Each structure stands twice: as structure tokens, then as C-alpha cells.
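This is what each chain is made of:
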Amino acid sequence: MVTRTYTITEKDIPAFHRHTMEMLRHDPRLANGVFFDIETTGFSPASCAIYLIGCCRHQGNTWQLTQWMAQDESPEEQRSILNCFFQAIREAPGIISYNGAAFDLPFIEKKSALLGMSPDLSQWDHMDLYKTLRPFGTFLGLNSLKLKAVEQFLSIHREDTYSGGALNPIYKAYTKSHSAKMEELLLLHNYEDIKDMIFILPALAYPYVLSDGAFSIDHIEKTSGINICLTPEISLPLPLDEKVLCLPGTDLKAHLKILSNQLLLFVPMIHGEMKFFYDNYKDYYYLPQEDYAIHKSVAAYVDKNCRKKATAKTCYTKKTGEFLPQPEKLFSPVFKNHYEDKIFWFEYNPGLLASPEFLSYIQRFLRFFILGSF
């Protein structure tokens, strides 16, 4: 077994990504967990070997990275590197990977069982950075969420030019020659996969801020809608082009502009008439001439020729005012233009803007920018 250790300091982090440390302060899982990555000769634990495991953990002001590589595909060598891995994470509160939930952990578990080992990996809290970033692929303009694609998005340079699969024949040759040059190539690929997991941590600011609500309201201004200025709790690594979301069934558009230390959200407003639909329409009559519904207890005094049983579509009252859209029924009463509408509205009230619920409203609104639609 080959063992290699490295120390990564804050000075090694590209200047543009120095606020990696800010992410560690924001999320204790990143500060205390063990980053890991594996290399295998294929996808099947039954027929392929695990030949390299790397681990990295933040300690003080540095990261300590260690790699264990099997010198051949023998069960003994594979058990050796797995034992080192399990020892390295034994006292860690959690483990961190990139797409490890789909590949690394299942491979380790199945390979360990085949080698007569029985680790219980479920006892560790596992944070998969790929799964955290995956919903943001389209939002960030990325066609792929592979680690190298995120590296390119953040302008991170990689010396290694190989994919994991391309290294398989090199490892096969290495087991016969133990070439120092081949050894360096194999170790470099795994080293950069783990190192760059640390370097891409600033990208997590997008889900933390936009999805988890790590922001505060700076100020709100009412115009044709409401302009909301938000201050992120953590810096966003790159400003993004303005996002525009067309509200379904209308020509109204919401706008989101993302700067490094500021989010500018514009939510359009309707000035006019909206409808409130009653749920229990069977208890109401609809008055066609007045174009609204009234309860049966009141309708008893109305001429039978001037009323008819209400349906779900006609069981409403109307109100004129100023209304804001809401992706979910957060504020009541809930209004619509038409019964079939997929978008809900609530009446604008300056007092609501200072309520705790309005923070939740903004957070949910931002999530729909991520999804791309209501």
C-alpha cells in the first residue's frame, strides 16, 4: 500500500475563492466532516477493484489530505486501504463527497462485504455536494453538474487531464511496473478531486441563500410592484445575469438580479379586481346579475329566478385592491383571477412586509426562480 499525505493551507486557495472559509463558518458539517473520494477499476464492486481512497479534513487553519493506494488488485491490498479509510472517519461527525451517495458509498459498502468486512456507514451523516448543487444546474447556466463543470464555472484550474475511467489502463499497467510516473498520475487525479471539493465550496452559497433563506431584508420599495433588496448572510461567488420569471396566465414578470453581496428582487403587483373562491360551494347560491355568490341562509330572501346553485367556478366574491402573487397559500385570504389559475394572490398590506411570514414568502418565491416556473 502506498500512503501519501499533503497539507493544504489557505494560501493554496485561489484568491477569488478565499471566502471558502466563510462557508466553513456557516456550515459546521463542512468544518468538521471528512471529505473523501475513491478510485475504482470499474462500476461493479463484484468484478472491479477499489484501488485508491483519499480523505481530507479541516484542522486549525489547514486541511490535512491523505491518500491510500493499493499496489495491486489483491483482496489484501483492498482491505488495507479500506481499513485506513474507516480509521480516518471513525471519530468524524460526518463525511462529505461529490456524488458519493450514488457511487462511492454503495461501492465501498458492497466491496467491503465481499472482502469480509462489515462497516456500518449509516452511522455517519453524509453530505453529498453534488445533490446539494444539482437543483441549481439550470439556474447557474450549467449543462452538467460534474465536478469539472463546477470547477470551470468557478474558474478553477486543474493540472490533471484524465477522467477516472481513462486512468483504469494506467492503473492496470502500474500494478505490473509500479512506475513512479504512473503513480503520480493516479494520485494527482484523486488529489485534485478532493482538493477541488474544498475549492468549490463557495458555490454552496447559492443554495444556502436562495433555497435555505440565508439572507436578511435590507429595504423594500413599492412601485408598480415591490422592489426588495436582500443582503446575503454569506458572499455569493459570482454575480449572475438577471433572471426573469413570467407569472403563469399573465404577462407580468418577476425579476431577480444576483450580485456578490446583494439580491434585488422585483415582484409585480396587480391593481384591480380579484376573486375569493369559497371551498364549500354547495352551501352557496350564485347571483348572475350581481356576479358573486352568497350563503344559502341569505339567499333564501332572494327571488329564485335571480339565483342558482353555485358551482366551484362560480362560488366567489370579488374585491378591488392591490394584490401580490404567492407561489403557495402563505397569506390569507387567497385570491385568484379564475378558478383554474395555478397562481395565488394576496392583498397588499404594508404591515405584512414587516412580518416574519414575509421572509418565508421571499424564500419560497426565490425557490421558484430556481425551478424556473410556478
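Let me sum up the structure you'll find in this document. Since we're looking at a predicted model, the values are computed, not measured.

Thresholds applied
- Residues numbered from 1 in each chain as written.
- Predicted model: local features only at pLDDT ≥ 70, side-chain atom pairs only at ≥ 80, totals over all residues.
- Heavy atoms only, no water.
- Pairing = 2+ DSSP bridges.
- Helix = DSSP H or I, 4+ residues; strand = E, 2+ residues; numbered from the N terminus.
- Axes fitted to C-alpha atoms, helices over the stretch in contact; angles between N-to-C directions.
- Salt bridge = Lys/Arg side-chain N within 4 Å of Asp/Glu carboxyl O.
- Buried < 20%, exposed > 50% of the residue type's maximum accessible area, 1.4 Å probe, protein only.
- Core = buried A, V, L, I, M, F, W, Y, C linked by side-chain atoms within 4.5 Å.
- Expected span 1.5 Å × (residues − 1).

**Considering the sheet that holds strand 3 (residues 50-59)**
And step 1. The strand order across the open sheet built from 6 strands is 1-4-3-2-5-6, with neighbouring strands paired in mixed fashion. Looking along the sheet, the strands with just one partner apiece sit at the ends: strand 1 (2-9) and strand 6 (125-128). Each neighbouring strand pair of the sheet contributes to a mean axis angle of 25°, computed without reference to strand direction.
And step 2. Relative to strand 3, strand 2 (residues 34-40) runs antiparallel, the two sharing 7 bridges. Paired with E39 across the two strands is L52, which belongs to strand 3.

**Notes on the pattern of salt bridges**
And step 1. Inspection of the entire model under this criterion finds 15 salt bridges.
And step 2. Across the pair E73 and K172 runs a salt bridge, and its minimum N-O distance is 2.8 Å. Taken together, the residues E73 in the loop between strand 4 (62-69) and helix 3 (75-89) and K172 in helix 7 (residues 168-177) connect sequence positions 99 residues apart.
And step 3. Judged by its relative accessible area of 29%, E73 is partly exposed.
And step 4. The salt bridge involving D193 is made with R158; its shortest N-O contact spans 2.7 Å. You can see D193 sitting in helix 8 (residues 180-199) and its partner R158 sitting in the loop between helix 6 (147-153) and helix 7, a full 35 residues away along the chain.
And step 5. Relative accessible area serves as the criterion here: at 11%, R158 is assigned to the buried category.
And step 6. Residues participating in the shared-partner salt-bridge network are E151, R158, D193, K195 and D196.

**Describing the nonpolar core**
And step 1. In terms of nonpolar packing, the biggest core is built from 77 residues, with L30, L129, F139 and L210 touching the most fellow members.
And step 2. The element contributing the most residues to this core is helix 11 (residues 356-371), with 8 residues.
And step 3. Counting residues in each nonpolar core, the second largest holds 33 residues, with I50, I81, I89 and L167 among its members.

**Section: helix 11**
And step 1. In a regular helix each residue adds 1.5 Å, so 16 residues correspond to 22 Å; helix 11 covers 24 Å between its end C-alpha atoms and thus fits that length.
And step 2. Within helix 11, the full set of buried residues consists of F358, Y361, I362, Q363, F365, L366, F368, F369 and I370.
And step 3. Downstream of helix 11 by a residue or two, G372 has a phi angle that is positive, lying close to 95°.

**Examining the sheet that holds strand 10 (residues 253-259)**
And step 1. The sheet built from 5 strands is open, its strands ordered 7-8-11-10-9 with antiparallel pairing. Because the sheet does not close on itself, it has two edges, and the strands there are strand 7 (215-222) and strand 9 (240-246). With strand direction ignored, the average angle separating the axes of adjacent strands in the sheet is 15°.
And step 2. Pairing geometry for strand 9 and strand 10, over 5 bridges, is antiparallel. Note that in strand 10 the partner of C246 across the bridge is K253.

**Focus: unusual backbone geometry**
And step 1. Note that the residue after S332, namely P333, is joined by a cis bond; omega there is -5°.
And step 2. Note on placement: P333 falls in the loop between strand 16 (316-326) and strand 17 (344-347).
And step 3. Not every positive phi belongs to a glycine, and H178 is a case in point at roughly 50°.
And step 4. Structurally, H178 can be placed in the loop between helix 7 and helix 8.
And step 5. Given the relative accessible area of 39%, H178 is considered partly exposed.

Everything listed is a geometric property; what it means functionally is a separate question.
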